[in-house]
Amino acid sequence: MNKIVLIDGNSIANRAFYALPPLSNSAGMQTNAVYGFTTMLLRLLEEEQPTHFLVAFDAGKATFRHQDYKEYKGHRMKTPPELSEQFPLLRELLDGLSISRFELEGYEADDIIGTISRLAESQKWQVLIVTGDKDMLQLASNQVTIALTRKGISEMERYGPAEIQEKYGLAPKQIIDLKGLMGDASDNIPGIPGVGEKTALKLLHEYGSVEEVLTHADSLKGKLKERVTEHAEDARMSKDLATIFREVPVELKLEDMSYGGYDQGAARELFRKLEFKSLLERLGDAGDDAGSPQEVESLQLVRADVEGSEQLESALERVQAVHLEVIGENPHEAEVIGIALDTGDAVYTAAFDWLKQSEQAASLRQWLADAEKPKHIYDSHKAIVALHWHGLSLEGVAVDVLLAGYLLDPTQGDDTLSGLSQRYGTGWLASDEEVFGKGAKFKVPDEAITANHLARKARAVLKLAPVLKEKLEADGMRSLLEDVEMPLTRTLSRMETTGFKVDKAGLVAYGQELTAQLDTIVKDIYAQAGEEFNLNSPKQLGEILFEKLGLPVVKKTKTGYSTDAEVLDKLAPHHEIVSQIVHYRQLAKLQSTYIEGLVKEIREKTGKIHTYYRQTIAATGRLSSQFPNLQNIPIRMEEGRKIRKVFVPSEPGWQVLAADYSQIELRVLAHISGDPRLKEAFIHDMDIHTKTAMDVFGVHADEVDANMRRQAKAVNFGIVYGISDYGLSQNLNITRKEAAQFIEQYFAVFEGVKQFMTDIVKQARKDGYVSTLLHRRRYLPEIKASNFNQRSFAERTAMNTPIQGTAADIIKLAMVQMEEKLREEGLRSRMLLQVHDELVFEVPEEELGIMKQLVPQVMEQAIELDVPLKADVSYGQNWYEAK
DNA sequence: AAAGTCACG
DNA sequence: ACGTACGTGACTTTA
């Protein structure tokens, strides 16, 4: 069957113009409307596969409508020149892509489209009209669908008669009556004053048409009756104006609109001229056509939920890759919309509802949950968590290509499936952004399009898995993936779905205390400032401090005065207000992030907070925590630390148990550097900062005062961070010279550490990367930069990453082993959190004895180093007490 | 969306 | 001479 796509050229160009940033070519000519138009064209060509295609434009200023009503479109703003000068380009583009276009003096694009759609309908063609103009809905029929752009242009909503009925309760024809009653300010169509969409719909639902409404004007009440009677003529005229004229003398024949694809060479030349880089890439510039979207391999696609559940059942044993489409960032509240399974021969797709509920999907659900059925996947973590909340489980992950990609290069920018496919050359895959849109424009497209995209994702996973696995093997990270990261995914999922019980009332009560305190402080600050201002605005605060009160400017930011804690600290002696501001900042932080923020994250049903750990974010191999971040709950200041009191066990009589590694990073450093003195210190389990002070200052233990220990501690931090005299001087508030001396003294004593630092930088320069104990890698291309800053940064990173990363490796090992132990021993205790060097559990009373012995033991024995690892354990009624 | 700030290890 | 300590996430204001 023939299918024609009709585009309302002016409408779409307008939308694109206003929706997109003002992109321009090197000649300074704005091209955003053409660009937006082009991406839409390409998408329609690909997704609709039309046999015919036409773009209609408005022509001339006056149309037949102006003869009836001079003010028609009277108030409309002039088309800005930045847009009107894009129309010639647009025409050129359409010609270049062999897409027919049409315009006719005296008629608008919608009249042309109305006429052509009528002709196409009479030939029993399928018609898709693309526009931003709701008036066009009047053309909808069984054969004619209207795609309305929403907000931008990437999002389209399709309307047939059924959708119009659903949305307005009207037949397509009645759209004209709707407009007749309510008018249209943008076209300067009056309608009946005071009648908006609500009233108009009510009237139409009752009487059906403008004429009938007018006939029954007498039975209306009050003001409405008055208005309808008075403006009857306006209504009739408005309806006329809104009626699309479907008898335009279009000399073009339907056959003239046939579309048979475009010439790639011509398109390339056009895109080059217009400087559409991303579109050129899609075409595969530089003569490389392999990855262009027009030439993707065809897939044998079976919609298991609608046509082939039996086929799938018999194919299940051969499925190699699975893709679950999870919508949303937070898997604890995410929607799963569909699944795709790839055997290598065919891809089977299904809507999630079917997977979740259909009897036909029972064997598929079993297969998903079967640890003995290996399956490749992208982001098993997200899938496992999202599925959990729907009562489904996923086991038997063979290769998680997201994890594999992360290990191969944790700092690569784009770790989406599409990005990985491109990087590893396994074929072109549309990005989710292209298919779904992003931000406010995000929308799940039609089922067919979605199924296709999901299928292609499953295929992308299938192709990537062996490639990435081989690379991992070559780089010595197969075990890191299979024995650490993938098992950890399951452990994390369990921790997250278990969640941490929170005393909501306690949180709210503390919030009220803070509100009262904040109130007082704010008033005080305003009084001292002599005016009220937005304390949360660094800009306004800066004006008060540095202009009104004349305090010295310590530091500037890109945009103005700096007012951060360090600056305020220096300003404190100058004015009383400063310490108040510091206090305000502290409490405001608690209130917004840790009271209000956390309250929002408590699940109604369970009274728990479920964080989501991200396993593929940190460049060093650490985890990160989101929604909410439970790795940065206050502890350093007592006021903040109190927050931890609301984190309680989920069962009565249970306790919170926490165990943290003592000095794990310096112990790791002792191990990998082999420095004898550092090793010695840990073998004798000495206080490392005191020991450092003794060695650096050359004094006895009893001669180390608090200040010396503090300075030594800062030096140790500096060592771990990749030391620089400048950084240390900043931290200790001393001169760079003094800092440099400290460092020199340190290196004189800890020669092994010094050696390690120089070696690791050399190695990074030679190999281009540094590694952790478990062979985790981080590439540091900037280690060769000529820019001092870039290079220095890379050098510090080279020193820090093996330390921080190895510590991350170790606690990951401990977590996996801990989970195993709990299962083996049949313990009911549950692991809840990881905070980089700390694990938190909830423990039944009767397991307290075993757990306070077992947890540190597992942590300490997770791996054997040249120095002992040490973990301290504590427990209490809540997280605060476990200190 | 970026910048500034601050919470944690 | 150069001028930053390493790694994260959340909130608020502002452009």
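Residues numbered from 1 in each chain as written. Chains lettered and ligands numbered in written order. Predicted model: local features only at pLDDT ≥ 70, side-chain atom pairs only at ≥ 80, totals over all residues. Heavy atoms only, no water.

### Structural notes on the protein's contact with DNA strand B
Now for step 1: Around DNA strand B, 22 residues are found, and the nearest of them are Thr563, Lys589, Ile635, Arg636 and Asp837.
Now for step 2: Close to the protein, within 4 Å, the atoms of DNA strand B are drawn from sugar and phosphate at a rate of 73%.
Now for step 3: Contact distances for DNA strand B include 2.6 Å between a phosphate oxygen and a backbone N or O atom of Thr563.
Now for step 4: Measuring from a phosphate oxygen of DNA strand B, one finds a side-chain N or O atom of Arg585 at 2.8 Å.
Now for step 5: Ranked by residues supplied to the surface near DNA strand B, first place goes to helix H27 (residues 576–601) with three residues.
Now for step 6: Among the residues making up the surface near DNA strand B, the classes are represented as seven nonpolar, eight polar and seven charged. (Near = heavy atom within 4 Å. Polar contact = N/O pair within 3.5 Å; in protein donor to acceptor, adjacent residues only side chain to side chain. Helix = DSSP H or I, 4+ residues; strand = E, 2+ residues; numbered from the N terminus. Nonpolar A, V, L, I, M, F, W, Y, C, P; charged D, E, K, R; others polar.)

### A closer look at the protein's contact with DNA strand C
Now for step 1: Within the structure, DNA strand C sits among 36 residues, and Ser537, Ala619, Ser624, Arg778 and Phe788 are positioned closest to it.
Now for step 2: Among atoms of DNA strand C positioned within 4 Å of the protein, sugar and phosphate together represent 60%.
Now for step 3: In the environment of DNA strand C, a phosphate oxygen lies 3.1 Å from a nitrogen or oxygen atom belonging to the side chain of Asn534.
Now for step 4: In the model, a base nitrogen of DNA strand C is placed 3.3 Å from a nitrogen or oxygen of the Ala714 main chain.
Now for step 5: Elements represented by at least two residues in the surface near DNA strand C include exactly helix H25 (538–548), H27, strand E16 (624–626), helix H32 (706–721), helix H33 (725–732) and helix H36 (788–824).
Now for step 6: Partitioned by chemical class, the residues of the surface near DNA strand C number ten nonpolar, 20 polar and six charged.

### What to know about the UniProt feature "domain: 3'-5' exonuclease" (unreviewed entry) in chain A
Now for step 1: UniProt feature "domain: 3'-5' exonuclease" (unreviewed entry): in the numbering of this structure it lies at residues 303–473.
Now for step 2: Structurally, residues 303–473 is divided into 45% helix and 16% strand, and its ends, taken at the C-alpha atoms, are 36 Å apart. (UniProt positions renumbered as here; feature names shortened; annotations may be inferred.)

### Details of the pairing of strand E22 (residues 838–843)
Now for step 1: Counting buried positions along E22 yields six of six residues, so the element is predominantly enclosed.
Now for step 2: Of the two faces of E22, both are covered, the one formed by Glu838, Val840 and Glu842 as well as the one formed by Leu839, Phe841 and Val843.
Now for step 3: With six bridges joining them, strand E18 (residues 655–661) and E22 adopt antiparallel strand pairing. Pairing of Val656 across the sheet is with Glu842, part of E22.
Now for step 4: Examined bridge by bridge, strand E21 (residues 830–834) and E22 share four bridges and lie antiparallel to one another. (Buried < 20%, exposed > 50% of the residue type's maximum accessible area, 1.4 Å probe, protein only. Pairing = 2+ DSSP bridges.)

### Some details on the confidence of the model for chain A
Now for step 1: Mean pLDDT for chain A: 90, with 95% of residues reaching 70 or above.
Now for step 2: Low confidence marks residues 285–295, where pLDDT is under 50. Its contacts with residues over four positions away, or in another chain, come to 19 contacts. (pLDDT = per-residue confidence, 0-100. Contact = heavy atoms within 4.5 Å.)

### Some words on the packing of H33 against helix H34 (residues 736–749)
Now for step 1: H34 packs onto H33 with a crossing angle of 110° between their chain directions and a minimal axis gap of 8 Å. Between H33 and H34, the angle falls in the class roughly perpendicular. Seen from above, H33 lies across H34 with right-handed handedness. Note on element contacts: H34 touches H33 through Arg736, Ala739, Ala740, Phe742 and Ile743, opposite Asp725, Tyr726, Leu728, Ser729 and Leu732.
Now for step 2: Among the residues making up the contact of H33 with H34, the classes are represented as seven nonpolar, one polar and two charged. (Axes fitted to C-alpha atoms, helices over the stretch in contact; angles between N-to-C directions. Parallel < 35°, antiparallel > 145°, perpendicular 65-115°, else oblique. Left-handed = near helix turned anticlockwise from the far one by under 90°.)

### Quick word on unusual backbone geometry
Now for step 1: Cis geometry marks the peptide bond from Phe627 to Pro628, where omega comes out at 0°.
Now for step 2: Of note, Pro628 is situated in the loop between E16 and helix H28 (638–641).
Now for step 3: The backbone phi angle of Asp379 is positive, close to 65°, even though this residue is not glycine.
Now for step 4: Within the secondary structure layout, Asp379 lies in the loop between strand E11 (375–377) and helix H18 (380–388).
Now for step 5: What makes Asp379 buried here is its relative accessible area of 15%.

### Points about the pattern of salt bridges
Now for step 1: For the coordinates displayed, the defined rule picks out 41 salt bridges.
Now for step 2: A salt bridge links Asp519 to Lys523, with the shortest nitrogen-to-oxygen separation between them at 3.5 Å. Here the residue Asp519 and the residue Lys523 both occupy positions in helix H24 (residues 504–529), the gap between them amounting to four residues, near one helical turn.
Now for step 3: Relative accessible area serves as the criterion here: at 43%, Asp519 is assigned to the partly exposed category.
Now for step 4: Taking the relative accessible area as the measure of exposure, Lys523 reaches 57% and is therefore exposed. (Salt bridge = Lys/Arg side-chain N within 4 Å of Asp/Glu carboxyl O.)

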